[in-house]
Amino acid sequence: MSDAVPRETDTLQRLRDEALAAIAQAGDPAALNQVRVRFTGKRSELADVQKRMKDLSPDGRRALGQALNAFRAEFDAAYATRDAELASAALAARLESERLDLTLPPRRLRPGRPHLLTQVEQEMLDVFIGMGFQVAEGPEAEAGVYNFDLLNIEPDHPARQEMDTIYVDGFDDVVLRTHTSPVQARVMTTQQPPIAVVVPGRTYRADSVDATHSPVFSQVEGLVVGEGITMADLRGTLLAFSRALFGEDRDIRLRPSFFPFTEPSAEVDVSFDAPGGNHGWLEILGAGMVDPNVLAMCGIDPERYSGFAFGIGIERVAMLRHGVRDIREFFESDVRFVAHF
Ligand code: PHE
(Lines give C-alpha, C1' and ligand atoms only; values in the text may rest on other atoms or scores of the structure.)
Protein backbone atom coordinates (compact mmCIF):
# COMPACT_ATOMS: atom_id res chain seq x y z
CA MET A 1 0.00 0.00 0.00
CA SER A 2 2.85 2.35 0.85
CA ASP A 3 4.26 2.56 -2.67
CA ALA A 4 0.81 3.20 -4.16
CA VAL A 5 1.12 6.99 -3.81
CA PRO A 6 4.47 7.30 -5.66
CA ARG A 7 3.08 5.04 -8.41
CA GLU A 8 -0.01 7.19 -8.92
CA THR A 9 2.16 10.30 -8.87
CA ASP A 10 4.34 8.82 -11.61
CA THR A 11 1.25 8.07 -13.67
CA LEU A 12 0.06 11.66 -13.23
CA GLN A 13 3.48 12.92 -14.28
CA ARG A 14 3.34 10.83 -17.46
CA LEU A 15 -0.25 11.91 -18.21
CA ARG A 16 0.79 15.52 -17.72
CA ASP A 17 3.62 15.23 -20.27
CA GLU A 18 1.42 13.41 -22.79
CA ALA A 19 -1.50 15.84 -22.33
CA LEU A 20 0.65 18.94 -22.75
CA ALA A 21 2.21 17.48 -25.92
CA ALA A 22 -1.23 16.57 -27.31
CA ILE A 23 -2.59 20.04 -26.53
CA ALA A 24 0.35 21.64 -28.34
CA GLN A 25 -0.23 19.41 -31.37
CA ALA A 26 -4.00 19.95 -31.68
CA GLY A 27 -4.44 21.78 -35.00
CA ASP A 28 -8.04 22.89 -34.63
CA PRO A 29 -10.76 23.25 -31.99
CA ALA A 30 -12.22 19.78 -32.72
CA ALA A 31 -8.83 18.10 -32.22
CA LEU A 32 -8.34 20.07 -29.03
CA ASN A 33 -11.67 18.87 -27.73
CA GLN A 34 -10.62 15.26 -28.43
CA VAL A 35 -7.58 15.87 -26.20
CA ARG A 36 -9.86 16.95 -23.34
CA VAL A 37 -12.02 13.83 -23.68
CA ARG A 38 -9.00 11.56 -23.92
CA PHE A 39 -7.19 12.94 -20.87
CA THR A 40 -9.98 14.10 -18.54
CA GLY A 41 -13.11 12.23 -19.67
CA LYS A 42 -15.03 9.54 -17.74
CA ARG A 43 -13.04 6.73 -19.32
CA SER A 44 -9.65 8.43 -19.11
CA GLU A 45 -6.63 7.14 -17.16
CA LEU A 46 -7.08 10.17 -14.94
CA ALA A 47 -10.58 8.97 -13.99
CA ASP A 48 -9.06 5.59 -13.06
CA VAL A 49 -6.53 7.29 -10.80
CA GLN A 50 -9.36 9.21 -9.10
CA LYS A 51 -11.35 6.00 -8.60
CA ARG A 52 -8.37 4.34 -6.88
CA MET A 53 -7.98 7.25 -4.42
CA LYS A 54 -10.50 5.78 -2.01
CA ASP A 55 -8.13 2.88 -1.37
CA LEU A 56 -5.36 5.19 -0.11
CA SER A 57 -4.56 6.31 3.43
CA PRO A 58 -5.81 9.78 4.43
CA ASP A 59 -2.30 11.18 4.03
CA GLY A 60 -1.92 9.48 0.68
CA ARG A 61 -5.30 10.83 -0.44
CA ARG A 62 -4.29 14.36 0.54
CA ALA A 63 -0.96 14.11 -1.27
CA LEU A 64 -2.51 12.65 -4.42
CA GLY A 65 -5.38 15.18 -4.23
CA GLN A 66 -2.88 18.01 -4.38
CA ALA A 67 -1.09 16.40 -7.30
CA LEU A 68 -4.44 15.98 -9.11
CA ASN A 69 -5.35 19.61 -8.50
CA ALA A 70 -1.98 20.71 -9.86
CA PHE A 71 -2.48 18.51 -12.93
CA ARG A 72 -5.95 19.99 -13.52
CA ALA A 73 -4.70 23.55 -13.13
CA GLU A 74 -1.82 23.03 -15.51
CA PHE A 75 -4.01 21.13 -18.02
CA ASP A 76 -6.75 23.81 -17.97
CA ALA A 77 -4.27 26.66 -18.41
CA ALA A 78 -2.52 24.98 -21.35
CA TYR A 79 -5.90 24.09 -22.84
CA ALA A 80 -7.22 27.68 -22.57
CA THR A 81 -4.06 29.12 -24.11
CA ARG A 82 -4.17 26.70 -27.05
CA ASP A 83 -7.90 27.28 -27.47
CA ALA A 84 -7.33 31.04 -27.73
CA GLU A 85 -4.46 30.53 -30.18
CA LEU A 86 -6.60 28.34 -32.44
CA ALA A 87 -9.50 30.78 -32.29
CA SER A 88 -7.37 33.71 -33.32
CA ALA A 89 -5.68 31.66 -36.09
CA ALA A 90 -9.14 30.68 -37.39
CA LEU A 91 -10.27 34.30 -37.30
CA ALA A 92 -7.13 35.44 -39.12
CA ALA A 93 -7.62 32.75 -41.80
CA ARG A 94 -11.23 33.77 -42.28
CA LEU A 95 -10.40 37.46 -42.53
CA GLU A 96 -7.73 36.63 -45.09
CA SER A 97 -10.07 34.53 -47.20
CA GLU A 98 -12.83 37.13 -47.11
CA ARG A 99 -10.51 40.00 -47.75
CA LEU A 100 -11.71 42.72 -50.11
CA ASP A 101 -9.17 44.96 -51.75
CA LEU A 102 -10.92 48.30 -51.70
CA THR A 103 -8.00 49.94 -53.44
CA LEU A 104 -8.59 47.99 -56.70
CA PRO A 105 -9.83 50.29 -59.46
CA PRO A 106 -13.51 49.58 -60.23
CA ARG A 107 -14.48 47.90 -63.50
CA ARG A 108 -15.39 50.65 -65.96
CA LEU A 109 -19.02 50.82 -67.02
CA ARG A 110 -19.52 51.18 -70.76
CA PRO A 111 -22.96 52.63 -71.36
CA GLY A 112 -24.36 51.95 -74.82
CA ARG A 113 -25.33 54.69 -77.24
CA PRO A 114 -26.88 54.97 -80.67
CA HIS A 115 -24.63 54.19 -83.64
CA LEU A 116 -23.17 57.27 -85.36
CA LEU A 117 -25.39 56.69 -88.40
CA THR A 118 -28.46 56.62 -86.17
CA GLN A 119 -27.34 59.82 -84.47
CA VAL A 120 -26.82 61.62 -87.79
CA GLU A 121 -30.11 60.30 -89.19
CA GLN A 122 -31.94 61.62 -86.11
CA GLU A 123 -30.23 64.98 -86.46
CA MET A 124 -31.24 65.22 -90.12
CA LEU A 125 -34.84 64.22 -89.40
CA ASP A 126 -35.00 66.74 -86.53
CA VAL A 127 -34.13 69.56 -88.92
CA PHE A 128 -36.86 68.56 -91.37
CA ILE A 129 -39.43 67.88 -88.66
CA GLY A 130 -38.70 71.41 -87.43
CA MET A 131 -39.70 72.69 -90.90
CA GLY A 132 -43.01 70.81 -90.75
CA PHE A 133 -42.15 67.57 -92.57
CA GLN A 134 -43.71 64.27 -91.49
CA VAL A 135 -41.74 61.02 -91.37
CA ALA A 136 -42.79 58.21 -93.72
CA GLU A 137 -41.32 54.75 -94.23
CA GLY A 138 -41.43 51.94 -96.75
CA PRO A 139 -40.20 48.36 -97.18
CA GLU A 140 -36.59 47.48 -98.01
CA ALA A 141 -37.72 44.58 -100.21
CA GLU A 142 -39.68 46.62 -102.68
CA ALA A 143 -41.90 45.97 -105.67
CA GLY A 144 -40.32 46.97 -108.98
CA VAL A 145 -43.36 49.10 -109.72
CA TYR A 146 -42.47 51.45 -106.86
CA ASN A 147 -38.69 51.25 -107.18
CA PHE A 148 -38.77 51.86 -110.95
CA ASP A 149 -42.00 52.09 -112.96
CA LEU A 150 -43.84 54.80 -111.05
CA LEU A 151 -40.59 56.75 -110.98
CA ASN A 152 -40.40 56.90 -114.75
CA ILE A 153 -37.67 54.25 -114.87
CA GLU A 154 -38.89 51.98 -117.64
CA PRO A 155 -37.91 48.30 -117.94
CA ASP A 156 -35.24 48.93 -120.55
CA HIS A 157 -34.11 52.20 -118.99
CA PRO A 158 -30.34 52.23 -118.51
CA ALA A 159 -30.86 53.42 -114.91
CA ARG A 160 -32.04 49.93 -114.00
CA GLN A 161 -28.65 48.58 -114.89
CA GLU A 162 -26.76 51.60 -113.62
CA MET A 163 -28.27 51.15 -110.21
CA ASP A 164 -26.79 47.65 -109.86
CA THR A 165 -30.07 46.32 -108.62
CA ILE A 166 -30.14 43.35 -106.24
CA TYR A 167 -33.12 41.15 -107.08
CA VAL A 168 -34.90 38.97 -104.53
CA ASP A 169 -34.71 35.28 -105.48
CA GLY A 170 -37.98 33.48 -106.00
CA PHE A 171 -40.11 36.63 -106.22
CA ASP A 172 -41.25 38.15 -109.44
CA ASP A 173 -40.32 41.79 -109.65
CA VAL A 174 -39.16 42.24 -106.05
CA VAL A 175 -35.88 44.08 -105.48
CA LEU A 176 -33.92 45.38 -102.54
CA ARG A 177 -34.75 49.05 -103.03
CA THR A 178 -31.92 50.88 -104.76
CA HIS A 179 -32.98 54.19 -103.19
CA THR A 180 -35.63 55.59 -100.84
CA SER A 181 -37.46 57.21 -103.79
CA PRO A 182 -40.04 54.36 -104.08
CA VAL A 183 -41.56 55.74 -100.88
CA GLN A 184 -42.30 58.94 -102.84
CA ALA A 185 -44.51 56.82 -105.10
CA ARG A 186 -46.05 55.02 -102.11
CA VAL A 187 -46.95 58.35 -100.47
CA MET A 188 -48.26 59.99 -103.66
CA THR A 189 -50.44 57.02 -104.60
CA THR A 190 -52.14 57.14 -101.19
CA GLN A 191 -52.22 60.85 -100.26
CA GLN A 192 -53.26 64.04 -102.00
CA PRO A 193 -51.30 67.30 -101.54
CA PRO A 194 -50.27 69.13 -99.53
CA ILE A 195 -47.50 66.59 -98.93
CA ALA A 196 -44.25 67.15 -97.01
CA VAL A 197 -42.51 63.94 -95.96
CA VAL A 198 -39.01 62.76 -95.16
CA VAL A 199 -38.16 59.08 -95.49
CA PRO A 200 -35.15 57.57 -93.73
CA GLY A 201 -34.03 54.07 -94.56
CA ARG A 202 -31.58 51.52 -95.85
CA THR A 203 -30.90 51.06 -99.53
CA TYR A 204 -28.98 48.43 -101.51
CA ARG A 205 -26.84 48.24 -104.62
CA ALA A 206 -24.57 45.50 -105.91
CA ASP A 207 -21.54 47.76 -105.53
CA SER A 208 -18.17 46.34 -104.64
CA VAL A 209 -16.88 47.61 -101.34
CA ASP A 210 -14.27 50.35 -101.11
CA ALA A 211 -13.66 53.45 -99.00
CA THR A 212 -16.65 55.27 -100.49
CA HIS A 213 -18.93 52.43 -101.64
CA SER A 214 -20.95 49.92 -99.69
CA PRO A 215 -23.68 47.60 -101.00
CA VAL A 216 -25.76 48.69 -98.01
CA PHE A 217 -26.14 52.38 -97.33
CA SER A 218 -28.85 54.73 -96.14
CA GLN A 219 -30.68 57.77 -97.37
CA VAL A 220 -33.10 60.41 -96.22
CA GLU A 221 -35.59 61.11 -98.99
CA GLY A 222 -37.63 64.30 -99.07
CA LEU A 223 -40.83 65.04 -100.96
CA VAL A 224 -42.93 68.19 -101.05
CA VAL A 225 -45.99 68.48 -103.29
CA GLY A 226 -48.46 71.37 -103.30
CA GLU A 227 -49.80 74.31 -105.25
CA GLY A 228 -47.15 76.69 -106.58
CA ILE A 229 -44.10 74.75 -105.33
CA THR A 230 -41.00 75.93 -107.22
CA MET A 231 -37.30 75.29 -107.46
CA ALA A 232 -36.82 78.27 -105.12
CA ASP A 233 -38.61 76.27 -102.40
CA LEU A 234 -36.26 73.36 -103.04
CA ARG A 235 -33.24 75.61 -102.82
CA GLY A 236 -34.46 77.37 -99.67
CA THR A 237 -35.25 74.08 -97.94
CA LEU A 238 -31.86 72.55 -98.76
CA LEU A 239 -30.00 75.73 -97.78
CA ALA A 240 -31.77 75.81 -94.40
CA PHE A 241 -31.01 72.11 -93.94
CA SER A 242 -27.31 72.53 -94.83
CA ARG A 243 -26.88 75.48 -92.47
CA ALA A 244 -28.65 73.72 -89.61
CA LEU A 245 -26.44 70.67 -90.03
CA PHE A 246 -23.09 72.04 -91.14
CA GLY A 247 -23.10 75.65 -89.86
CA GLU A 248 -24.71 79.00 -90.55
CA ASP A 249 -21.84 80.17 -92.79
CA ARG A 250 -22.48 77.44 -95.37
CA ASP A 251 -23.71 77.97 -98.88
CA ILE A 252 -25.14 75.49 -101.38
CA ARG A 253 -24.74 75.13 -105.12
CA LEU A 254 -27.06 73.34 -107.56
CA ARG A 255 -25.48 71.72 -110.60
CA PRO A 256 -27.58 70.40 -113.50
CA SER A 257 -27.97 66.65 -113.42
CA PHE A 258 -30.35 63.93 -114.48
CA PHE A 259 -32.77 61.64 -112.66
CA PRO A 260 -35.67 59.95 -114.53
CA PHE A 261 -38.20 61.06 -111.91
CA THR A 262 -37.27 64.75 -111.63
CA GLU A 263 -37.17 67.53 -114.21
CA PRO A 264 -35.12 69.61 -113.89
CA SER A 265 -32.67 67.65 -111.76
CA ALA A 266 -29.72 68.86 -109.77
CA GLU A 267 -26.76 67.64 -107.82
CA VAL A 268 -26.35 69.74 -104.70
CA ASP A 269 -23.02 70.73 -103.19
CA VAL A 270 -22.37 72.34 -99.82
CA SER A 271 -19.51 74.78 -99.33
CA PHE A 272 -16.65 74.09 -96.98
CA ASP A 273 -13.60 75.95 -95.76
CA ALA A 274 -10.59 73.74 -95.36
CA PRO A 275 -7.69 74.77 -93.15
CA GLY A 276 -5.22 76.86 -95.18
CA GLY A 277 -7.89 79.09 -96.69
CA ASN A 278 -9.09 76.55 -99.26
CA HIS A 279 -12.66 77.02 -100.28
CA GLY A 280 -14.49 74.23 -102.01
CA TRP A 281 -17.71 72.33 -102.65
CA LEU A 282 -18.76 68.84 -101.59
CA GLU A 283 -21.65 66.94 -103.15
CA ILE A 284 -24.20 65.82 -100.57
CA LEU A 285 -27.39 64.97 -102.43
CA GLY A 286 -29.47 64.60 -105.57
CA ALA A 287 -32.68 66.56 -106.07
CA GLY A 288 -35.12 68.05 -108.54
CA MET A 289 -38.68 69.02 -109.38
CA VAL A 290 -40.96 65.99 -109.43
CA ASP A 291 -41.53 65.05 -113.08
CA PRO A 292 -45.18 65.87 -114.03
CA ASN A 293 -45.41 62.41 -115.55
CA VAL A 294 -44.57 60.89 -112.14
CA LEU A 295 -47.23 63.01 -110.45
CA ALA A 296 -49.78 61.86 -113.03
CA MET A 297 -48.84 58.15 -112.74
CA CYS A 298 -49.25 58.41 -108.97
CA GLY A 299 -52.69 60.01 -109.27
CA ILE A 300 -51.82 63.65 -108.58
CA ASP A 301 -52.98 66.32 -111.03
CA PRO A 302 -49.83 67.87 -112.57
CA GLU A 303 -51.86 70.82 -113.88
CA ARG A 304 -52.71 71.84 -110.35
CA TYR A 305 -49.76 70.63 -108.29
CA SER A 306 -46.01 70.70 -108.48
CA GLY A 307 -43.36 69.35 -106.16
CA PHE A 308 -39.72 68.82 -105.38
CA ALA A 309 -37.80 65.83 -104.09
CA PHE A 310 -34.33 65.11 -102.80
CA GLY A 311 -32.29 62.13 -101.63
CA ILE A 312 -29.44 62.59 -99.16
CA GLY A 313 -26.85 59.92 -98.41
CA ILE A 314 -26.63 59.57 -94.63
CA GLU A 315 -23.15 57.99 -94.66
CA ARG A 316 -21.89 60.85 -96.82
CA VAL A 317 -23.26 63.47 -94.40
CA ALA A 318 -21.85 61.57 -91.41
CA MET A 319 -18.45 61.29 -93.08
CA LEU A 320 -18.35 65.04 -93.80
CA ARG A 321 -19.63 66.01 -90.36
CA HIS A 322 -17.32 63.75 -88.39
CA GLY A 323 -14.27 63.37 -90.60
CA VAL A 324 -14.82 59.65 -91.22
CA ARG A 325 -12.59 58.70 -94.15
CA ASP A 326 -13.84 55.19 -94.91
CA ILE A 327 -17.49 54.16 -95.26
CA ARG A 328 -16.62 50.64 -94.06
CA GLU A 329 -16.17 52.04 -90.53
CA PHE A 330 -19.95 52.32 -90.23
CA PHE A 331 -20.53 48.62 -90.79
CA GLU A 332 -17.55 46.90 -89.22
CA SER A 333 -18.75 47.48 -85.63
CA ASP A 334 -15.24 48.00 -84.29
CA VAL A 335 -15.98 49.00 -80.71
CA ARG A 336 -13.26 51.67 -80.82
CA PHE A 337 -15.12 53.38 -83.66
CA VAL A 338 -18.57 52.88 -82.16
CA ALA A 339 -17.50 54.17 -78.75
CA HIS A 340 -15.75 57.19 -80.25
CA PHE A 341 -18.99 58.98 -81.18
N1 PHE B 1 -32.94 58.56 -105.67
C2 PHE B 1 -31.78 59.32 -106.13
C3 PHE B 1 -30.51 58.49 -105.87
O4 PHE B 1 -30.56 57.58 -105.09
C5 PHE B 1 -31.65 60.63 -105.42
C6 PHE B 1 -32.78 61.54 -105.67
C7 PHE B 1 -33.88 61.59 -104.86
C8 PHE B 1 -32.74 62.41 -106.79
C9 PHE B 1 -34.93 62.44 -105.13
C10 PHE B 1 -33.76 63.29 -107.03
C11 PHE B 1 -34.85 63.29 -106.22
O12 PHE B 1 -29.48 58.74 -106.43
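Residues numbered from 1 in each chain as written. Predicted model: local features only at pLDDT ≥ 70, side-chain atom pairs only at ≥ 80, totals over all residues. Heavy atoms only, no water.

*Asks:* Whenever I open this one, the overall build of the protein confuses me. Can you help?
*Replies:* Scanning the protein from terminus to terminus reveals 13 helices and ten strands. Taken over the C-alpha atoms alone, the protein extends approximately 145 × 55 × 35 Å along its principal axes. Within the protein, the proportion of its 341 residues that are buried is 40%. Counting only contacts in the protein whose residues sit at least 6 apart along the sequence, the fraction spanning at least 24 positions is 65%. As presented, the protein carries roughly 19,300 Å² of accessible surface, and 52% of it is formed by carbon and sulfur atoms. Between the centroid of the 36 positive side chains of the protein and the centroid of its 52 negative side chains there is a distance of 18 Å. (Helix = DSSP H or I, 4+ residues; strand = E, 2+ residues; numbered from the N terminus. Buried < 20%, exposed > 50% of the residue type's maximum accessible area, 1.4 Å probe, protein only. Contact = heavy atoms within 4.5 Å. Areas by Shrake-Rupley, 256 points an atom, 1.4 Å probe, with all protein chains shown as cover. Lys, Arg positive; Asp, Glu negative; His and termini not counted. Charge placed at Lys NZ, Arg CZ, Asp CG, Glu CD.)

*Asks:* What is the right way to read the layout of surface pockets from this model?
*Replies:* Here the idea is plain: a probe the size of a water molecule rolls over the atoms and shows the empty space left. Its boundaries defined by the atoms lining it, the largest pocket holds a volume of some 980 Å³. In this structure, the largest pocket is lined by 39 residues; those nearest its centre are Arg205, Phe217, Gln219, Phe259 and Glu283. Of all the elements in the fold, those that place two or more residues in the lining of the largest pocket are helix 7 (158–162), strand 6 (216–226), strand 7 (252–259), strand 8 (262–274), strand 9 (278–290), strand 10 (306–313) and helix 11 (314–322). With six residues, strand 9 is the single largest residue contributor to the lining of the largest pocket. Of the residues belonging to the lining of the largest pocket, the class tally is 16 nonpolar, 14 polar and nine charged. (1 Å grid on protein atoms, 1.4 Å probe; cavity = no way out; pocket = protein on both sides within 12 Å on 5 of 7 lines; lining within 4 Å. Points joined across faces, edges and corners; volume = space filled by probe spheres on them. Nonpolar A, V, L, I, M, F, W, Y, C, P; charged D, E, K, R; others polar.)

*Asks:* Honestly, the sheet that holds strand 2 (residues 141–143) in this entry has me stumped. Any pointers?
*Replies:* Within a sheet, adjacent strands bond to each other through the backbone by hydrogen bonds, running parallel or antiparallel. Spatially, the three strands line up as an open sheet ordered 2-4-3, and their pairing is antiparallel. This sheet does not close on itself; its edge strands, each paired only once, are strand 2 and strand 3 (166–167). Pairing of strand 2 with strand 4 (residues 174–176), which is carried by three bridges, proceeds in the antiparallel orientation. When the bridges of strand 4 are listed, Ala141 appears paired with Leu176. (Pairing = 2+ DSSP bridges.)

*Asks:* Teacher, can you tell me more about the pattern of salt bridges here?
*Replies:* Between side chains of opposite charge, a pair can form as their charged atoms come close. One pass over the structure, following the stated rule, counts 20 salt bridges. With its nearest N and O atoms 2.7 Å apart, the salt bridge here joins Asp17 to Arg16. Under the relative-accessibility criterion, Asp17 is labelled partly exposed at 41%. Between Asp76 and Arg72 there is a salt bridge, with the nearest N and O atoms lying 3.8 Å from each other. In this pair, Asp76 and Arg72 both sit in helix 4 (residues 58–97), four residues apart, roughly one turn of the helix. Salt bridges here are not isolated pairs; linked through shared partners, they connect Arg253, Arg255, Asp269 and Glu283. (Salt bridge = Lys/Arg side-chain N within 4 Å of Asp/Glu carboxyl O.)

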